[in-house]
Amino acid sequence: MMLNDVSIFKQACLLNGQWHTTAETMAVNNPANGSVIAHVPMLTADTINTAINDANAAFQQWRKCPAQQRSEHLSAWYDQIMTHQHELAIIMTSEQGKPLAEAKAEIAYAASYVKWFAQEAVRIEGEVITAMQSQQQFVVSREPVGVSVAITPWNFPAAMITRKVAPALAAGCTMLVKPAQQTPLTALALGELACRAGIPSGVLQIVTGDAATIGEAFTSNPVVRKCSFTGSTAIGSLLMRQCAKDVKKLSLELGGNAPLIVFDDADIPFAVTELIKAKFRNAGQTCISPNRVYVQDGIYDDFAAQLVEQVSQLKLGDGFAPDTDIGPLIDSNAVEKVHKHIHEAVSKGANILCGGIDACSDNLWVAPTVLSNVPADALCSKEETFGPLVPLIPFNTEEQVIELANATEFGLAAYFFSDNIHRVQRVVNAIESGMVGINTGVISAANAPFGGVKASGVGREGAHVGIEEYLEMKYQCYGVKAG
């Protein structure tokens, strides 16, 4: 059966292995044309709490499931996702707007986390510690933390789910996922495929509805032992306060304001190409997207000219059009923020090299825009734009640009380009960021740790450390009687 033949997941939530409907629903819109493509349930707090109890009941069995069996379930889910890659991409483009080719790439990226943690499930290990006394033996084991919840964003509606769910299930936890209100269909489709893969009822549940209601139910219920969130720093801070009451384990991937630095010893054409890859993916709606682009004085004009030449060729359009490079932004608020950043920077002396407000299309499309001579106090230098805007900021010395790059409360990702090995090492050591791309604009991978420092969050996802977020250590001290 084709995934798109299964219509119930568009109108219902996956609760304890069953599809659950409600009288009250919320609409899901296609950002490319504003049409309503589905309605999904608005769950009450009571329903959420019942689902949490069901997850706890399922946890008692899932935690006992042999690691090899959990691995096989995840491998089967991976196979289901890749078998239905094209159909999932269609669902994603319909509700999120990104070009279909990008959506297909995200599905493969999302599946890579499922495959990776299927392999990690059988690598959960303990250790024996040499005791200080002959009458003792120390052992450390690792156990699943318990019922976990995840709140995921709309910009990567598949990958941000699998990056949390796969390690949780691999560790032996059960999980409830609340997808973004704008993009619940991809999550529900992934839930359908998890059922087809044989993942037991209650182990993975997908809930939809009001964010505040679900967030409060998640954080106030003492059965929930772990919360994972990707989104704004403001909401992450709120969740941290709410989780403090019963000291839930917490991982947060929050806001970013990534600098990208191009030194005068860099390969300019290569740096331009990599910047475009990093910046305009998903129309700039990416948490690790370069937000501030610093270019050294000696190459500034050459770099700007080459960048504008390539950016001017990017095509706006519906995500289903085969030649579309940039789709619509997610909603009108996103468009207004980009417009505000462009207008404010120009009012402070920046120049529009291409794009700009006048070049923006109707509805939710924003033309890819490059600004030159952007002052350091412009909003687009201080805030995350989350749109297809590149502010070019000149700098003179290495010391100066390091100070500018670190002058932010955030520290998720950073990028720089240089062919000087000594400079590379100095800058890597000086940059305050959880992830650094050196001569590349593509840094995400399932087997690499993803996360930030400062106000960009706590914890890491992916890599061998990702599963540790869902495990607790148990130290055992054995007294040994003398023979």
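Note: the structure precedes this text.
Everything numeric in this text was worked out from a predicted model, so none of it was measured.

What counts and what doesn't
- Residues numbered from 1 in each chain as written.
- Predicted model: local features only at pLDDT ≥ 70, side-chain atom pairs only at ≥ 80, totals over all residues.
- Heavy atoms only, no water.
- Salt bridge = Lys/Arg side-chain N within 4 Å of Asp/Glu carboxyl O.
- Helix = DSSP H or I, 4+ residues; strand = E, 2+ residues; numbered from the N terminus.
- Buried < 20%, exposed > 50% of the residue type's maximum accessible area, 1.4 Å probe, protein only.
- Core = buried A, V, L, I, M, F, W, Y, C linked by side-chain atoms within 4.5 Å.
- Contact = heavy atoms within 4.5 Å.
- Pairing = 2+ DSSP bridges.
- Axes fitted to C-alpha atoms, helices over the stretch in contact; angles between N-to-C directions.
- Parallel < 35°, antiparallel > 145°, perpendicular 65-115°, else oblique.
- Nonpolar A, V, L, I, M, F, W, Y, C, P; charged D, E, K, R; others polar.
- 1 Å grid on protein atoms, 1.4 Å probe; cavity = no way out; pocket = protein on both sides within 12 Å on 5 of 7 lines; lining within 4 Å.
- Points joined across faces, edges and corners; volume = space filled by probe spheres on them.
- Phe/Tyr/Trp six-rings, centres within 6.5 Å; stacked < 30°, edge-to-face > 60°.
- Lys NZ or Arg CZ within 6 Å of the ring centre and 35° of its normal.
- Polar contact = N/O pair within 3.5 Å; in protein donor to acceptor, adjacent residues only side chain to side chain.

**Description of the pattern of salt bridges**
Here's step 1: Using the criterion set out here, one finds 20 salt bridges in the structure.
Here's step 2: One salt bridge in this structure joins Arg163 and Glu461, with 2.9 Å as the shortest N-O distance. With Arg163 in helix H5 (residues 159-171) and Glu461 in the loop between strand E21 (457-458) and strand E22 (471-479), this residue pair connects regions lying 298 residues apart in the sequence.
Here's step 3: When its relative accessible area of 9% is taken as the criterion, Glu461 is described as buried.
Here's step 4: Via salt bridges that share partners, Asp264, Asp265, Glu398, Arg423 and Arg426 belong to a single interconnected network.

**Structural notes on the nonpolar core**
Here's step 1: Judged by nonpolar contacts, the single largest core of 64 residues is most densely connected at Ile261, Val262, Phe303, Leu307 and Leu392.
Here's step 2: Ignoring any residue separated from it by four or fewer positions in sequence, one finds Leu307 in contact with Val272, Leu275, Ile276, Val370, Val390 and Leu392.
Here's step 3: Formed by 58 residues, the second largest nonpolar core is a distinct cluster that contains Ala89, Val165, Ala171 and Leu193.

**Quick notes on the sheet that holds strand E16 (residues 389-395)**
In sheet architecture, strand pairing relies on hydrogen bonds along the backbone and comes in two forms, parallel and antiparallel.
Here's step 1: Sheet architecture is open: seven strands sit in the order E14-E15-E16-E13-E12-E18-E19, paired in mixed fashion. Either end of the sheet is taken by a strand with one partner, and the two such strands are strand E14 (351-354) and strand E19 (435-438). Sheet twist, expressed as the average angle between the axes of neighbouring strands with direction ignored, equals 25°.
Here's step 2: Examined bridge by bridge, strand E12 (residues 258-262) and strand E13 (residues 290-296) share five bridges and lie parallel to one another. Across the sheet, Pro259 pairs through a bridge with Arg292, a residue of E13.
Here's step 3: Strand contacts of helix H9 (residues 268-280): E12, E13, E16 and strand E18 (413-417), with the helix running at about 165° to E13, the strand carrying the most contacts.
Here's step 4: Contacting E12, E13 and E16, helix H13 (residues 398-406) crosses the sheet at an angle of about 170° to E13.

**Points about the packing of helix H2 (residues 67-83) against helix H3 (residues 85-96)**
Here's step 1: H3 packs onto H2 with a crossing angle of 70° between their chain directions and a minimal axis gap of 5 Å. In terms of orientation, H2 and H3 fall into the roughly perpendicular class. Note on element contacts: H3 touches H2 through Gln85, Glu87 and Leu88, opposite Ile81, Met82 and Thr83.
Here's step 2: For the contact of H2 with H3, a count of residues per class yields three nonpolar, two polar and one charged.

**Some words on the layout of surface pockets**
Here's step 1: Estimated volume of the largest pocket: approximately 1000 Å³.
Here's step 2: In this structure, the largest pocket is lined by 39 residues; those nearest its centre are Trp154, Phe229, Gly231, Ser232 and Ile235.
Here's step 3: Put simply, the parts of the chain that give the lining of the largest pocket at least two residues each are helix H7 (211-220), strand E10 (224-230), helix H8 (233-243) and helix H11 (332-347).
Here's step 4: By residue number, the principal contributor to the lining of the largest pocket is H8, which donates five residues.
Here's step 5: Its residues placed into classes, the lining of the largest pocket shows 19 nonpolar, 13 polar and seven charged.
Here's step 6: Put simply, the second largest pocket is a space of about 450 Å³.
Here's step 7: Around the second largest pocket sit 23 residues that line it, and Glu102, Ala105, Phe156, Lys277 and Arg281 are the ones nearest its centre.
Here's step 8: Those elements giving two or more residues to the lining of the second largest pocket turn out to be helix H4 (100-120) and H9.

**Quick notes on the pairing of strand E4 (residues 36-41)**
Here's step 1: Summarising the sheet, strand E3 (residues 25-29) and E4 pair through five bridges and their orientation is antiparallel. Residue Val28 lies in a different strand from E4, and its bridge partner there is Ala38.
Here's step 2: Between E3 and E4, which follow one another and run antiparallel, lie six residues, and Gly34 among them has a positive phi close to 80°.

**With respect to the packing of aromatic side chains**
Here's step 1: Taken as a whole, this structure holds six aromatic pairs when the rule is applied.
Here's step 2: Here the aromatic rings of Tyr109 and Tyr113 are separated by 5.2 Å at their centres, their planes lie at 75°, and the arrangement is edge-to-face. Taken together, the positions of Tyr109 and Tyr113, both in helix H4 and four residues apart, correspond to about one turn of that helix. For the pair Tyr109 and Tyr113, a shared accessibility class is recorded, and that class is buried.
Here's step 3: Within the aromatic cluster, the residues linked to one another by ring pairs are Phe263, Phe395 and Phe416.
Here's step 4: Positioned above the aromatic ring of Phe156 is the side chain of Lys98, whose terminal nitrogen or guanidinium carbon lies 4.0 Å from the ring centre.

**Examining the side chain of Thr286**
Here's step 1: Note on placement: Thr286 falls in the loop between H9 and E13.
Here's step 2: Note on Thr286: relative accessible area 3%, which makes it buried.
Here's step 3: A polar contact is formed between the side chain of Thr286 and the backbone oxygen of Arg281, at a distance of 3.3 Å.
Here's step 4: Apart from residues no more than four positions distant in its own chain, Thr286 is found in contact with Asn155, Phe156, Arg281, Glu384 and Phe386.

Taken by themselves, the reported measurements are silent on function.
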